[in-house]
Amino acid sequence: MLFPRKHRLVILISGRGSNMKAILEAVKDGRIPHTKVVGVISDNPTAEGLTIARKYGIKTRYLSAAPYKTKLEGPAEEKYIATIKKWKPDLIILAGFMRVIKSRFIQSFPNKIINIHPSLLPAYPGLHTHERVLAAGEKESGCTVHFVNETVDGGKRIIQARVPVLAHDTPQTLAARILEKEHVILPYAIRLLLEKKISYESLTEPLQWRDEWKF
Ligand code: GRF
C-alpha cells in the first residue's frame, strides 16, 4: 500500500499532562513513527495538559464526568465511549487520567487501553504511592505501563522501569525521579504495541527497561 493508514492514539488526561507531552514529542520526532494523536480528552476543563495539546495542534475535548468525582460511569461514560469511538483509535492512553474506569468503557475497547502508574506494580496500586513507598522503607521504586482491566492498576503489565529510593528522598524527589522514567517507557510501550512487537496475548512478564536501550 502506498499510503497506509497512520496509527491513531487517543490520550485521556486530568492535569499537568507531562506524560501526554512525552508522547506528543515522540510522535513528532519519529520515535513513534507513522502515528497521529487524534484527540486528547480531559475530565478537567483547566487541565494544563489541554493547553499543551492545543499548542501541538491536537484536537482537545473537555468532557465532564459529573456527578462522580473519582470514577467514569453512567451518561458521562457513554459520552466518552461515543467520542472515542468516532476517533477510531488503535490505542487509548490514560496519562494521568485520575478516574476509575469501569467495565462498559473497558469492554468497548478490548485490549486497547493502557495506563502509566508510578510504582512497581503489583506493589502500591492506587493513590499516594510515593508516600507509601517511603513509609515502608523500600530501597527501590519505579513505574509500570499496563493494560487496563476492571481491577484498579491490576491489568497485564507491559513494561517497568526501576529507580533507587535515596536516603533523603521526599515524595516529591522520588516522584520526579520516577517521572523521568515514565516519560521514556510510556512512549516506548506505545511504539512496541503499535508495531506489534508485543501484544496483550504475547505478554507474560513485563519488560524491564534498561537505560542502554536509549529510546
Ligand atoms: C503520573 O505520575 C502518572 O504516573 C500518574 O499520574 C501522573 C500524571 O502526571 N498516573 P502527568 O499529568 O502526566 O504530568
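Residues numbered from 1 in each chain as written. Predicted model: local features only at pLDDT ≥ 70, side-chain atom pairs only at ≥ 80, totals over all residues. Heavy atoms only, no water.

(A) The arrangement of the site of the ligand in detail. Close to the ligand lie Arg16, Gly17, Ser18, Asn19, Gly96, Ile116, Pro118 and Glu182. Here Ser18 contributes a side-chain N or O atom positioned 2.5 Å from an oxygen atom of the ligand. Here an oxygen atom of the ligand and a side-chain polar atom of Glu182 are 2.7 Å apart. Considering the ligand on its own, with 370 Å² of exposed area, one finds that the protein chains cover 85% of that surface. Across the shell around the ligand, the residue classes tally to two nonpolar, four polar and two charged. (Near = heavy atom within 4 Å. Polar contact = N/O pair within 3.5 Å; in protein donor to acceptor, adjacent residues only side chain to side chain. Areas by Shrake-Rupley, 256 points an atom, 1.4 Å probe, with all protein chains shown as cover. Nonpolar A, V, L, I, M, F, W, Y, C, P; charged D, E, K, R; others polar.)

(B) Just the nonpolar core, in detail. Ranked by internal contacts, the top residues of the largest apolar core, which has 44 residues, are Ile93, Ile114, Ile158 and Ile190. Take this core: its biggest share by element is ten residues, from helix H6 (residues 171-194). Each of domain 1 (1-110) and domain 2 (116-215) contributes no fewer than three residues to this core. The contacts of Ile93, once residues within four sequence positions are left out, are Leu9, Val10, Ile11, Leu12, Ile23, Ile114, Leu186 and Ile190. With 21 residues, the next largest nonpolar core counts Ile84, Phe97, Ile101 and Phe105 among its residues. (Core = buried A, V, L, I, M, F, W, Y, C linked by side-chain atoms within 4.5 Å. Buried < 20%, exposed > 50% of the residue type's maximum accessible area, 1.4 Å probe, protein only. Helix = DSSP H or I, 4+ residues; strand = E, 2+ residues; numbered from the N terminus. Domains from an automatic or database assignment. Contact = heavy atoms within 4.5 Å.)

(C) Spatial organisation of the side chain of Ser141. Mapping Ser141 onto the fold places it in strand S8 (residues 140-147). Discounting residues that sit within four places of it in the chain, Ser141 has contacts with Pro118, Ser119, Leu120, Val133, Ala161, Arg162, Val163, Val165, Leu174 and Ile178.

(D) Region of interest: the packing of aromatic side chains. Tallied over the entire structure, the rule returns seven aromatic pairs. Taken together, Tyr188, Trp209, Trp213 and Phe215 form an aromatic cluster joined through their ring pairs. Here Arg31 stacks its cationic end above the ring of Phe215, 5.2 Å away from the centre of that ring. We note Lys156 situated over the ring of Tyr200; from NZ or CZ to the ring centre the distance is 4.6 Å. (Phe/Tyr/Trp six-rings, centres within 6.5 Å; stacked < 30°, edge-to-face > 60°. Lys NZ or Arg CZ within 6 Å of the ring centre and 35° of its normal.)

The values are spatial; any link to function lies outside them.
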